[in-house]
Amino acid sequence: MKLHMQILIALGLGIKRNWHIFSGIILGILTGIFLHAHPYPTVMALLTFVGQMFIRLIQMVVIPLVVSAIIIGITSIGDNRQLGKFGTKMVFYYGIITVIAVTIGAVLSLVFKPGLGAAEYITANAASEVQTTVASAMAEQQGNILNIFLGFLPSNPMHSFAQGDMVPIIVFVLIFAIALARVGDVNRPIVSFFESVFAATMKITDWIMYFAAPGVFALTASAVSSFGIDIFQSISKYLLVLFIGFMLQLCVVYPLFLRFFSKVNVGILYSAIAEAMMVAFGTASSSATLPLTIACCEKRGISHKISSFVLPLGATLNMDGTALLQTVAVIFLAQAYGVVLTPFLIIEIALLAIIASSTCAGIPGAGLITIALILNGMGLSPEQLIAGFAFLFTIERITDMMRTLVNVTSDAVVAATIADNENEINYDLLNNPQAYEDIA
Ligand code: ASP
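Here is what the cut-offs are and how they apply
Residues numbered from 1 in each chain as written. Predicted model: local features only at pLDDT ≥ 70, side-chain atom pairs only at ≥ 80, totals over all residues. Heavy atoms only, no water. Helix = DSSP H or I, 4+ residues; strand = E, 2+ residues; numbered from the N terminus. Contact = heavy atoms within 4.5 Å. Axes fitted to C-alpha atoms, helices over the stretch in contact; angles between N-to-C directions. Parallel < 35°, antiparallel > 145°, perpendicular 65-115°, else oblique. Left-handed = near helix turned anticlockwise from the far one by under 90°. Nonpolar A, V, L, I, M, F, W, Y, C, P; charged D, E, K, R; others polar. Core = buried A, V, L, I, M, F, W, Y, C linked by side-chain atoms within 4.5 Å. Buried < 20%, exposed > 50% of the residue type's maximum accessible area, 1.4 Å probe, protein only. Near = heavy atom within 4 Å. Polar contact = N/O pair within 3.5 Å; in protein donor to acceptor, adjacent residues only side chain to side chain. Areas by Shrake-Rupley, 256 points an atom, 1.4 Å probe, with all protein chains shown as cover. Expected span 1.5 Å × (residues − 1). Salt bridge = Lys/Arg side-chain N within 4 Å of Asp/Glu carboxyl O. Disulfide = S-S within 2.5 Å. Phe/Tyr/Trp six-rings, centres within 6.5 Å; stacked < 30°, edge-to-face > 60°.

Asks: Describe the overall build of the protein, with residues and values.
Replies: Check the secondary structure of the protein and you find 25 helices and zero strands. Contacts spanning at least 24 positions in sequence make up 85% of the contacts within the protein whose residues lie at least 6 apart.

Asks: An account of the packing of helix α13 (residues 236-261) against helix α18 (residues 320-336) is needed here, citing residue identities and associated values.
Replies: Remark: α13 packs on α18, axes separated minimally by 10 Å, with the N-to-C direction vectors making an angle of 150 degrees. Between α13 and α18, the interaxial angle falls into the category roughly antiparallel. In this structure, the crossing between α13 and α18 has a hand that is right-handed. Of the residues in α18, those touching α13 at Tyr238, Val241, Leu242, Gly245, Phe246, Gln249 and Tyr254 are Asp320, Gly321, Leu324, Leu325, Val328, Ala329 and Phe332. Broken down by class, the residue content of the contact of α13 with α18 amounts to ten nonpolar, three polar and one charged.

Asks: How would you summarise the nonpolar core if you had to cite specific residues and measurements?
Replies: Ranked by internal contacts, the top residues of the largest apolar core, which has 138 residues, are Phe54, Tyr238, Phe309, Val310, Ile371, Leu375 and Met378. For this core, the element with the highest residue contribution is helix α3 (residues 41-77), accounting for 14 residues.

Asks: Tell me about the site of the ligand, residues and numbers included.
Replies: Taken together, 16 residues sit near the ligand, with Ser286, Thr322, Gly367, Asp400 and Arg403 positioned nearest. The side chain of arginine 403 places a nitrogen or oxygen atom 2.5 Å from an oxygen atom of the ligand. Contact between the ligand and threonine 404: a nitrogen atom at 3.1 Å from a side-chain N or O atom of the residue. For the ligand, whose unbound accessible area comes to 270 Å², protein coverage reaches 100%. Of all elements in the fold, only α20 (366-370) and α23 (396-421) reach the threshold of two or more residues within the shell around the ligand. With four residues, the single largest contributor to the shell around the ligand is α23. Of the residues contributing to the shell around the ligand, the split by class is six nonpolar, eight polar and two charged.

Asks: An account of the side chain of serine 262 is requested, with residue identities and associated values reported.
Replies: Tracing the backbone shows serine 262 in the loop between α13 and α14 (266-272). According to the relative accessible area criterion, serine 262 is buried, its value standing at 11%. A polar contact is formed between the side chain of serine 262 and the backbone oxygen of leucine 258, at a distance of 2.8 Å. Within the local environment of serine 262, its side chain forms a polar contact with the backbone nitrogen of valine 264, the two atoms lying 3.1 Å apart. Discounting chain neighbours no more than four positions away, the residues touching serine 262 are Phe257, Thr417, Asp420 and Asn421.

Asks: Provide a residue-level description of helix α22 (residues 382-394), including the pertinent values.
Replies: For α22, built from 13 residues, the straight-helix expectation of 18 Å at 1.5 Å per residue is met to within 8% by its first-to-last C-alpha distance of 19 Å. Of all the positions in α22, only Leu385, Ala387, Gly388, Phe389, Ala390, Phe391, Leu392 and Phe393 are classed as buried.

Asks: Please provide a residue-by-residue account of the pattern of salt bridges, values included.
Replies: Under the defined criterion, the tally for this structure stands at seven salt bridges. With a closest N to O distance of 3.3 Å, glutamate 422 and lysine 85 form a salt bridge. Within this pair, whereas glutamate 422 is found in the loop between α23 and α24 (427-431), its partner lysine 85 is found in helix α4 (residues 80-112), the two being separated by 337 residues in sequence. For glutamate 422, a relative accessible area of 13% gives the class buried. Taking relative accessible area as the criterion, lysine 85 reaches 45% and is therefore assigned partly exposed. A salt bridge links glutamate 424 to lysine 305, with the shortest nitrogen-to-oxygen separation between them at 3.6 Å.

Asks: Pulling in residues and values, what's your account of the state of the cysteines?
Replies: Counted according to the given criterion, the structure contains zero disulfides. A disulfide-free cysteine, cysteine 296 has its sulfur positioned 6.8 Å from the sulfur of cysteine 297, the nearest such atom.

Asks: Describe in detail the side chain of threonine 409, supporting the description with residues and values.
Replies: By secondary structure assignment, the location of threonine 409 is in helix α23. A polar atom in the side chain of threonine 409 sits 2.6 Å from the backbone oxygen of leucine 405.

Asks: Run through the packing of aromatic side chains, naming residues and quoting values.
Replies: All told, the structure shown has 13 aromatic pairs when counted by the stated rule. Between phenylalanine 193 and phenylalanine 194 the ring centres are 5.0 Å apart and the planes differ by 80 degrees, which places this aromatic pair in the edge-to-face class. Ring geometry for phenylalanine 257 against phenylalanine 261: centres 4.8 Å apart, planes inclined by 55 degrees, an arrangement best described as tilted. Note that phenylalanine 257 and phenylalanine 261 are positioned in helix α13 at a spacing of four residues, about one turn of the helix. Judged by relative accessible area, phenylalanine 257 falls into the buried class, the value being 4%. For phenylalanine 261, a relative accessible area of 22% translates into the label partly exposed.

Given below as structure tokens:
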């Protein structure tokens, strides 16, 4: 069957199984458009309340889930050589996908030139209320790249846990889990403890998902109500470039990647993770979607060993959608303000986007903060930087929803590929149409 047909059928099946979440998205978009034209403060406040409640509920399980998943995953891999092999493969696959993403972003921006003639529009529409956020984001990213990497090493892991800083948390848990794996049987009490924590957090995730449709509806409605649809006319070229880029990743790059590196059928995989894709779109957070991404992958046959290792790391470090956006956004501003885009500068932007995206947490808006890392070295005047950055904030949410969907999908694509390569996938479960019914 032709690839695009497989994807269409997969989407159809995924939507059919998750029609309630899908309806939440569609109704949310319609309600948001209506509310943008007729803002009712009480309704808006209610939507924000429901949306935030949903996000908080899933965020509540993220840290216990990530910690327990990584500890169980790594101790079950056990053998150092196998762990090294999985780790190397993971970095290699995530790397390929991200390099392709920034290449697509750069090529599309250079071909369509979305930023040409946009300078005045940017200055006029730079949201003044975010200027302080912008200034602090710039200052935060001003330190050199080495300092940013230094920040990944938690001097006090408890502080990172309290702050919810995912990258240092993951670094600590990885080191701790590798040590546990090396100490032999004495690790049993702790591993059993975390097996119970994992099982309980997955159960809570199942419960929270009953709330997914209203949650995604409320989040989508409040996001759309903040920008309306006029935005699509005003900066249509910029959004179009992003949209084409994300669609290329989803409909061309991942299918080819799966075909090249594994036997996994893209349609079946997309259908299996459709629920996670929709929640990623609604929440704009890879971390918040993580419990669901793990649930979808494991219920459809990807072993716990792989999903509990590859998915939490992916949700924090693999941000190809974000890297694509950052490349397009920076080139857009450079074109708007007449910066000469030499091949060297374009390569620099792409490389910095790979670093900036992987240093950002899987939470809403994080990718826009780390974009400062790239913008700081672009030779723009301070006024242009502030206006350009503040402008990106005005259209942040919609692009965040799209790029998070891409980020989450690629995490699952890489997990499925590694599981296939390592014989850690149960194809009976993955290919069995009956199993569609089993995903709650
Ligand atoms: N919201 C994105 C994610 O969670 C990160 C970002 O690009 O802001 O994957």
